[in-house]
Amino acid sequence: MKLELFAEKLFAAGKERGFTDMEVFFSGGSSFRAGVFKGEIDNYTLAESSGLSFRGIYNGKMGYAFTEKLDEESIDMLINDAQQNAIINDSEDVEEIFAGSAEYAEVDAYSQELANATTEQKLALVHAIEKAAYALDDRIATVQAFFGGGASERRIINNKGLNLAFQGNTAMLGVSVIARQGQETKTAYGREVARDLAEFDVDKIAKEAVDEAVSLFGADTIVSKDYPIILRNDVAAQLLAVFAPAFSAENVQKGLSLLRGKIGEQIYDAKITIVDDPHMPGKPGSCPFDAEGVATYKKNVVENGVLKTYLHNLKTARQDGVESTGNASKRSYKSSIGISPSNFYIQPGEVNYDEMIKGTKEGLIIISLQGTHSGANPVSGDFSLAAYGYLVQDGAIVGPVHQITVAGNYYQMMREVLQIGNDLYFGGGSYGAPSLKIARLAVAGK
């Protein structure tokens, strides 16, 4: 059954059973992944999934239900489940079905060129990048190349007249290499996200991985002390993602964020501006509306170090007496409404990465952090993480460093930013950052 007809019948049945405001949220998509190892395809996945959730107000309470099938039987099941859910709902929170915003932006997130790409073309790229990586250096012992991509669709229809639809797609080409020299083994990765297969630079991605792997040979630990630190852009983005939940109004209201009561206060160095932009072309977090149908918009969450806003959905906005920021989210059609950023990034500066290095008398470049799931506390901001990278002396990299632990507090660290790079990096996710030069962090080595 087509979605519009299904929604019409569902709303009619819901009205008969005593529901007032009602909404359906549909999400669907497809994913493709292929990997190559030693010239052979070692994994291949092509999958499609879709489903629908129903929300409705029954006796003043919100009830929820979901299904994967759009048929007559599902209508009765959804009404029954949502009704029972509403009856046992003892929450005092006021929830609403949103009637719609005045206008919605046009967001460019769907590439027809990518949609038209054939499986053969995708596999050709994977084989090509594997071959390129092996050819670059005799010390490359193992290469695993992969292509991943997918398309997604989101629909919201309610009985207040709202009917929204959005599509997006993206693709990633990557390679993991293992280099061996004597008894040493080093691993590195290269990847690129694009909206058209013609945009992928196979040689560049392969070289990025190979060069990094072989540059790590001969790594040693260093003396424990505080060092000036350059967080490479991918590492800076990784840390931003870990501590981004602090900006959620839901976490703030639950006492799970140190940013409570900090609106209008200086929380970071004045050089730091953090942007939430749901309208960036081709990015995975882009969409003209959020999971409640509220229009999204670009906003500075932190501006020149000052906290300007939390990220809100309708419920948290009502509690704080403000407007929703359009950051309501659902991880899937089965999930309840939460809050998340869209495309969340630290605004780049004007300093070249090489210039950061040249301006460092003694310091470390961190190119990898491990254990963020257990070694970083998103509430307190404290972190203690295994790391590796390069030692810098007199403005030049003098050698690789490993077996170290970097520790500090994210909020304090972001108040001690000396320079911001011009190399904004997103990778394949929704969090981005340029390279950051930090005044000091504690490093434990030998």
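Located above this text is the structure these notes cover.
Residues numbered from 1 in each chain as written. Predicted model: local features only at pLDDT ≥ 70, side-chain atom pairs only at ≥ 80, totals over all residues. Heavy atoms only, no water.

> Is there a simple way to think about the overall build of the protein chain in this case?
Summing up its helical and strand segments, the protein chain has 11 helices and 19 strands in all. Principal axes of the C-alpha set define a box for the protein chain whose edges measure 75 × 55 × 35 Å. Looking at the protein chain residue by residue over its 446 residues, the buried ones come to 51%. Taking the intrachain contacts of the protein chain between residues at least 6 apart in sequence as the baseline, contacts between residues at least 24 apart amount to 70%. Accessible area of the protein chain: about 20,200 Å², with a carbon and sulfur share of 48%. Taking the average place of the 42 positive charges on the side chains of the protein chain and the average place of its 58 negative ones, the gap between the two points comes to 4 Å. (Helix = DSSP H or I, 4+ residues; strand = E, 2+ residues; numbered from the N terminus. Buried < 20%, exposed > 50% of the residue type's maximum accessible area, 1.4 Å probe, protein only. Contact = heavy atoms within 4.5 Å. Areas by Shrake-Rupley, 256 points an atom, 1.4 Å probe, with all protein chains shown as cover. Lys, Arg positive; Asp, Glu negative; His and termini not counted. Charge placed at Lys NZ, Arg CZ, Asp CG, Glu CD.)

> Just to check I follow, could you spell out the side chain of Thr296 for this structure?
By the secondary structure assignment, Thr296 is in the loop between β8 (274-276) and β9 (299-303). Residues contacting Thr296, with those up to four places away along its chain left out, are Pro278, His279, Cys287, Pro288, Phe289, Asp290 and Gly326.

> Help me understand the pattern of salt bridges in this model?
In a structure, side chains of opposite charge can pair up when their charged atoms sit close to one another. Following the criterion strictly, the structure yields 20 salt bridges and no others. Put simply, Glu96 and Arg318 hold a salt bridge, and the shortest N to O gap is 2.4 Å. Of this pair, Glu96 sits in the loop between α2 (72-87) and α3 (112-116) while Arg318 sits in helix α8 (residues 314-320); the two residues are 222 residues apart in sequence, bridging distant segments of the chain. Since its relative accessible area comes to 30%, Glu96 is described here as partly exposed. Residue Lys271 pairs with Asp269 through a salt bridge whose shortest N-O separation is 3.1 Å. (Salt bridge = Lys/Arg side-chain N within 4 Å of Asp/Glu carboxyl O.)

> Just checking my understanding: could you explain the environment of Val36 for this structure?
In this structure, Val36 sits in strand β1 (residues 19-37). Classification of Val36 as buried rests on a relative accessible area of 1%. Along the primary structure Val36 and Glu250 are separated by 214 residues, whereas in three dimensions their C-alpha atoms are 43 Å apart. Residue contacts for Val36: discarding those within four places in its chain leaves Ile41, Asp42, Val126, His127, Glu130, Val143, Gln144 and Ala145.

> Help me understand unusual backbone geometry in this model?
Among all residues except glycine, the phi angle is most often negative; among peptide bonds, the trans geometry is most common. Within the chain, Asn304 stands out as a residue other than glycine whose phi angle is a positive 50 degrees. Its place among the elements puts Asn304 in the loop between β9 and β10 (306-307). Of note, the phi angle at Gln403 is positive, near 55 degrees, even though the residue is not glycine. By secondary structure assignment, the location of Gln403 is in strand β16 (residues 396-409).

> It is not clear to me how the sheet that holds β9 should be interpreted in this structure. Could you clarify?
The strands that make up a sheet are held in pairs by hydrogen bonds between backbone atoms, and each pair lies either parallel or antiparallel. Strand order in the open sheet formed by 5 strands is β10-β9-β8-β13-β18, and the pairing between neighbours is mixed. Here the strands that pair on one side only, and so sit at the sheet edges, are β10 and β18 (431-432). (Pairing = 2+ DSSP bridges.)

> Got a minute to help me understand the pairing of strand β3 (residues 61-67) in this structure?
Here is the key point about a regular strand: its side chains alternate between the two faces of the sheet. Inspection of the sheet shows strand β2 (residues 40-58) paired to β3 by 7 bridges, in the antiparallel sense. Residue pairing across strands places Tyr58 opposite Lys61, the latter belonging to β3. What sits between the antiparallel neighbours β2 and β3 is a turn of 2 residues, in which Asn59 has the positive phi angle 55 degrees.

> Can you walk me through a nonpolar patch on the surface in this structure?
Nonpolar side chains collect at one region of the surface, where Ile41, Tyr44 and Leu46 lie side by side and expose about 320 Å² of accessible area between them. Mapped onto the fold, Ile41 is located in strand β2. Ile41 sits in the partly exposed class, given a relative accessible area of 42%. (Patch = residues over 30% accessible without salt bridge, like charges linked within 9 Å, V, L, I, M, F, W, Y side chains within 5 Å.)

> What's the story with the nonpolar core in this structure? I'm lost.
What tends to happen in soluble globular proteins is that the nonpolar side chains get buried as a cluster. Phe247, Tyr268, Leu364, Ile366 and Tyr410 are the most contacted members of the largest nonpolar core, which totals 51 residues. If near-sequence neighbours (up to four positions away) are discounted, Ile366 is found in contact with Ile229, Ile230, Leu231, Arg232, Val235, Ala387, Tyr388, Ile404 and Val406. Counting residues in each nonpolar core, the second largest holds 32 residues, with Val36, Ala145, Ile205 and Ala209 among its members. (Core = buried A, V, L, I, M, F, W, Y, C linked by side-chain atoms within 4.5 Å.)

> I tried to follow the packing of aromatic side chains on my own but got confused; where do I start?
The description of an aromatic ring pair uses the distance of the two centres, along with the angle that the planes make with each other. By the definition in use, this model includes 13 aromatic pairs. With 6.1 Å between their ring centres and 75 degrees between their planes, Phe147 and Phe200 make a pair best called edge-to-face. Here Phe200 lies in the loop between β6 (184-194) and α5 (202-215) and Phe147 lies in strand β4 (residues 140-158), a separation of 53 residues in the sequence. Owing to a relative accessible area of 8%, Phe200 belongs among the buried residues under this scheme. Relative to Phe383, the ring of Phe243 lies with its centre 6.4 Å away and its plane at 55 degrees, an arrangement referred to as tilted. Within this pair, whereas Phe243 is found in helix α6 (residues 233-243), its partner Phe383 is found in strand β15 (residues 382-393), the two being separated by 140 residues in sequence. Note on Phe243: relative accessible area 2%, which makes it buried. Phe383 gets classed as buried once you look at its relative accessible area, which sits at 5%. Put simply, the rings of Phe243, Tyr268, Phe383, Tyr410 and Tyr411 touch in pairs and so form one group of aromatic residues. Stacked on the ring of Phe426, the Lys or Arg Lys283 has its end atom at 5.0 Å from the ring centre. (Phe/Tyr/Trp six-rings, centres within 6.5 Å; stacked < 30°, edge-to-face > 60°. Lys NZ or Arg CZ within 6 Å of the ring centre and 35° of its normal.)

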